[in-house]
Amino acid sequence: MAHTDDEEALLRSVALQNARSIQQARQRMEDELVRAKHALEVRSVGHAHSLAMLRATLEATSDGIMVADSERRVTGYNRQYIEMWRLPAGLLDDPGHRHPGEICTRQLKYPQGYLAKLDEIYLSAPPESFDVLEMADGRFFERLSRVQFVDGQIVGRVWSYRDVTERNRADEAQVLLAAIVDSSEDAIVSKSLEGIIRSWNAGAERLFGYTRDEAVGQSITLIIPPDLIEEERQILAQLRRGERIEHFETVRVSKTGRRLDISLSISPIRDRDGRIVGVSKVARDITESKRAQQALLEADRRKDEFLALLAHELRNPMAPLRNGLQVMRLAAGDVQAVAQARAMMDRQLGHLVRLVDDLLDVARIGQNKIELRRARISLTEVIENAVEIARPVIEAGGHELTVSLPNHAVFLDADLTRLVQVLSNLLTNSAKYTEHGGRIEVTAAQRDDAAVISVRDTGIGIPPEELSTVFGMFSQVDRSIERTTGGLGIGLALVKGLVEMHGGSVIAESAGQGMGSTFTVRLPIAGAEGLVQPVTRIDHERPIAAASRRILVADDNQDAARSMARLLTLQGNDVRTAHDGIEAVSIANAFRPQVVLMDVDMPRMNGYEAVRRIREQAWSNGSVIVAVTGWGQDDDRIQSLVAGCDGHLVKPVDLADLQRLLGKLTDAR
């Protein structure tokens, strides 16, 4: 059907409008695509930027970070994590790897506990977990685990590790240091540069008596004596100037007011910039050690004085001995002069022997080597024998002596010789320390179950400060008097030792210098049962007449051997001499002596071995062998007996003692 022109025009108009609409719609779609593409590109760039920022942040942190999904597969990590766990590069990039705990377990000190902890964290899924791992190489890691959620669903975890090894070590060192400080026996105190106490350990509490609460916050002058405050000011001033304080000894005072000798070490306390901000002090109580040191110095001083006095006392009798020899040589034809010289020499030699005997007795007491020969003895016998021995010294001093004895018999279970030695020493001391014409009183009585003997004199007395030391070795009250009267000052030490060996005691009393002294001895008395006749008094026996014998004298000191041989020959004996052990055995086998006087220390063969060789011979069965030596301890006597000797004499040998011993041994043979 043909269209009119108007219809065609309308159709063309409609078509044109439709085309325009389609074009506009397409344009809009293209514009929207462009905008969408641009927006997508912008978002992609932002996401990449965010990812880059996140990666930079992770790499910049000092913590090791690792991200794992819900299947424990690693989805991310930083370089610090790899370095902390010391993993090979690229190890975690393998998608087949699960949680690195399965890889790193071998580096842990307790691997099984680590895996169990991982399982616990994953199964219980706490939002956050924290613990500390100890590595096999001694490092410590703090581990923090956080859950990742997306739309309320767990999609993985972030694991953060921090190396706290140095911090742990510092904490441990601080705890250890605190424990050491608190448990130290020394006082450890810190203070500010103003002298305010900041810390106070248990050692300071024990030493100074103040508790920590009482001391901290107080001035250090709390423990400094007033006379030493300036010392503290100087110390603080030196520290402020940065000067070093050397170790030194000083005095501090306790809460009770007791002065303490202390050894002090001072160290500065510095801040992080090296500035001195305080002081640390370590104080050690040396009070007792100082006292001990002073006691040693005093003992050493007394020892030196004693040795000087010993040399003096030994020379005193030597001088007249030498003079006597000269007199006997020059006045050989003057019988009276020779007799007087001989008597004087005998007295001086006796004095010399007593000095040595006293020294040996003190040494034996100190070594517990004196053996008491106990018997039932009378107290009266002890006093009478002691007075008899001391009487010459008392009379020489012109002293008046009074003796008061008990009116009934008192018996002791004791060594008569040693108790006589005790009492005669006390009497001799009183005589020496009392001016000419003084009085000495001896009283004896029984009090309860003890015998009490007092020796009182009107002598020089004892200063109060010396009463506690008068029985000590090398102790002497007045050196000038001791030098004029003679003696070593060991008599009272000997008295104390012998009395205590008998289970008794001795005390000294004096009202002071010039007021006299009293020494009181207490001894346990013996029971009444089984009483026997008291031991008779000590009798200074006269020499027993010697029978003529064949005698061998063996001594490497030729003067000693010849002089002893001369004495024995003058008494009618047939004497031979030998000067070493081998010669002694040879002469003995040829001479077959009845008596052998054998020195112990000789060359080539000692005396003990020589005695054993002689005892191997049948002819020696009837012979008496006596060891003659300077060694007189109990062990020495036993050794002589074991070797085959019948007796033991200590040099110098008194001829009367030798005659008595030979008489007894010969009778026994």
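This text goes with the structure placed above it.
The model shown is predicted, which means the values in this text are computed figures rather than measured ones. Note on numbering: residues in each chain are counted from 1, in written sequence order. Only residues with pLDDT of 70 or above have their local features reported here, since the model is predicted, and side-chain atom pairs are shown and tallied only from 80 upward, although totals for entire chains, interfaces and linings are computed over all residues. The side-chain figures draw on all heavy atoms in the structure; neither hydrogens nor water molecules are used.

1. Details of the nonpolar core
The cut-off we apply is this: Residues belong to a common nonpolar core when they are buried Ala, Val, Leu, Ile, Met, Phe, Trp, Tyr or Cys residues joined through side-chain atoms within 4.5 Å. Relative accessible area decides the class of each residue, using a 1.4 Å probe on protein chains only: under 20% of the type maximum gives buried, over 50% gives exposed, and in between gives partly exposed. Helical segments are the DSSP runs of H or I of at least four residues, strand segments are the runs of E of at least two, and each set is numbered from the N terminus. Throughout, a residue-residue contact means that at least one pair of heavy atoms, one from each residue, lies within 4.5 Å.
Ranked by internal contacts, the top residues of the largest apolar core, which has 38 residues, are Leu-379, Leu-412, Leu-423 and Leu-427. Elements represented by at least two residues in this core include exactly α11 (379-396), β13 (411-414), α12 (416-432), β14 (439-447), β15 (450-457), α14 (491-501), β16 (505-509) and β17 (517-524). Ranked by the residues each element gives to this core, the list is headed by α12, at eight residues. Ignoring anything within four residues of it in the chain, the contact list for Leu-379 reads Pro-406, Val-410, Leu-412, Ala-444, Ala-451 and Ile-453. Among the nonpolar cores identified, the runner-up in size contains 27 residues, and Leu-193, Ile-197, Leu-207 and Ile-266 belong to it.

2. Notes on the packing of helix α17 (residues 607-615) against helix α18 (residues 634-643)
Keep this limit in mind: All axes are obtained by fitting lines to C-alpha atoms, using only the stretch in contact for helices, and the reported angles, taken between N-to-C directions, cover 0 to 180 degrees. Here is the rule for angles: anything less than 35 degrees is roughly parallel, anything more than 145 is roughly antiparallel, 65 through 115 is roughly perpendicular, and the remaining ranges are oblique. Amino acids outside the nonpolar list (Ala, Val, Leu, Ile, Met, Phe, Trp, Tyr, Cys, Pro) and the charged list (Asp, Glu, Lys, Arg) are all regarded as polar, and Gly is one of them.
The contact between α17 and α18 brings their axes to 8 Å, and the two run at 25 degrees. By the angle between their directions, the pair α17 and α18 is classed as roughly parallel. For the pair formed by α17 and α18, the contact residues are Tyr-608, Val-611 and Arg-612 on the first element and Asp-636, Gln-639, Ser-640 and Ala-643 on the second. Of the residues contributing to the contact of α17 with α18, the split by class is three nonpolar, two polar and two charged.

3. Overview of the sheet that holds strand β9 (residues 259-270)
Rules: Whether two strands pair depends on DSSP finding at least two bridges between them.
Read across the sheet, five strands follow the order β7-β6-β10-β9-β8 without closing on themselves; strand pairing throughout is antiparallel. Unpaired on one side and paired on the other, β7 (197-200) and β8 (248-253) mark the two borders of the sheet. For this sheet the average axis-to-axis angle between neighbouring strands, irrespective of direction, equals 35 degrees. In the sheet, strand β6 (residues 187-192) pairs with β7 via three bridges, with the strands oriented antiparallel.

4. Describing the environment of Phe-591
Within the secondary structure layout, Phe-591 lies in helix α16 (residues 581-591). Judged by relative accessible area, which is 13%, Phe-591 ranks as buried. As for Phe-591 and Arg-550, which are separated by 41 residues in sequence, their C-alpha atoms are 8.1 Å apart. Those residues in contact with Phe-591 that sit more than four places away from it in its chain are Arg-550, Ile-551, Leu-552, Asp-574 and Arg-576.

5. A few points about the packing of aromatic side chains
Condition: Two rings belonging to Phe, Tyr or Trp (six-membered ring only in the last case) form a pair when the distance between their centres is within 6.5 Å. Interplanar angles under 30 degrees mark stacking, angles over 60 mark edge-to-face geometry, and anything in between is tilted.
The final tally for this structure, using the stated rule, is three aromatic pairs. Judged by centre distance (5.8 Å) and plane angle (45 degrees), the ring pair of Trp-200 and Phe-208 falls under tilted. Given a relative accessible area of 2%, Trp-200 falls into the buried group. On the accessibility criterion, Phe-208 (2% relative accessible area) is buried. Ring geometry for Phe-471 against Phe-519: centres 6.0 Å apart, planes inclined by 90 degrees, an arrangement best described as edge-to-face. With Phe-471 in the loop between β15 and α13 (479-485) and Phe-519 in strand β17, this residue pair connects regions lying 48 residues apart in the sequence. Of the residues examined, Phe-471 reaches a relative accessible area of 13% and is grouped as buried.

6. Considering α14
For α14, the buried fraction is high: eight of the eleven residues fall into the buried class. Positive backbone phi, approximately 80 degrees, marks Gly-503, located one or two places after α14.

7. With respect to α11
Since the α-helix advances by 3.6 residues per turn, residues separated by three or four positions end up pointing in the same direction. To keep things clear, this is the line we draw: The span expected for a helix works out to 1.5 Å for each residue beyond the first.
For α11, spanning 18 residues, the distance from its first C-alpha to its last is 26 Å, which sits close to the expected 26 Å at 1.5 Å a residue. Of all the positions in α11, only Leu-379, Glu-381, Val-382, Ile-383, Asn-385, Ala-386, Val-387, Ala-390 and Ile-394 are classed as buried. Contact partners of the buried residues in α11: β11 (375-378), β12 (400-404), β13, α12, β14 and β15. Two residues or fewer past α11, Gly-398 is found with a positive phi of approximately 65 degrees.

8. Regarding the pattern of salt bridges
Heads up, the rule is: Only one rule defines a salt bridge in this text: a Lys or Arg side-chain nitrogen within 4 Å of an Asp or Glu carboxyl oxygen.
What the rule picks out here adds up to 21 salt bridges. Between Glu-232 and Lys-191 there is a salt bridge, and its shortest N-O distance comes to 1.9 Å. With a gap of 41 residues between them, Glu-232 in helix α8 (residues 229-240) and Lys-191 in strand β6 connect regions that are remote in the sequence. Residue Glu-231 is joined to Arg-252 by a salt bridge in which the shortest nitrogen-to-oxygen separation is 3.3 Å. Of this pair, Glu-231 sits in helix α8 while Arg-252 sits in strand β8; the two residues are 21 residues apart in sequence, bridging distant segments of the chain. Owing to a relative accessible area of 2%, Arg-252 belongs among the buried residues under this scheme.

9. Comments concerning the side chain of Asn-425
By secondary structure assignment, the location of Asn-425 is in helix α12. Of the residues examined, Asn-425 reaches a relative accessible area of 18% and is grouped as buried. In this structure Asn-425 touches Gly-491, Leu-494 and Val-495, once residues within four positions along its chain are discounted.

10. Considering the sheet that holds β14
Read across the open sheet, the five strands follow the order β12-β14-β15-β17-β16; overall the sheet is mixed. Each end of this open sheet is capped by a strand with a single partner; those strands are β12 and β16. Sheet twist, expressed as the mean angle between neighbouring strand axes with direction ignored, is 10 degrees. When β12 meets β14, the two strands line up parallel, connected through five bridges. When the sheet's bridge partners are listed, Glu-400 is paired in β14 with Arg-439. On top of the sheet, α11 reaches β12, β14 and β15; it is set at about 180 degrees to β12, its chief contact. Lying on the sheet, α12 is in contact with β12, β14, β15 and β17; it crosses β15 at an angle near 20 degrees.

11. Let's talk about the environment of Thr-518
Mapping Thr-518 onto the fold places it in strand β17. When the C-alpha atoms of Thr-518 and Ser-454 are compared, they prove to be 6.7 Å apart, with 64 residues separating the residues in sequence.

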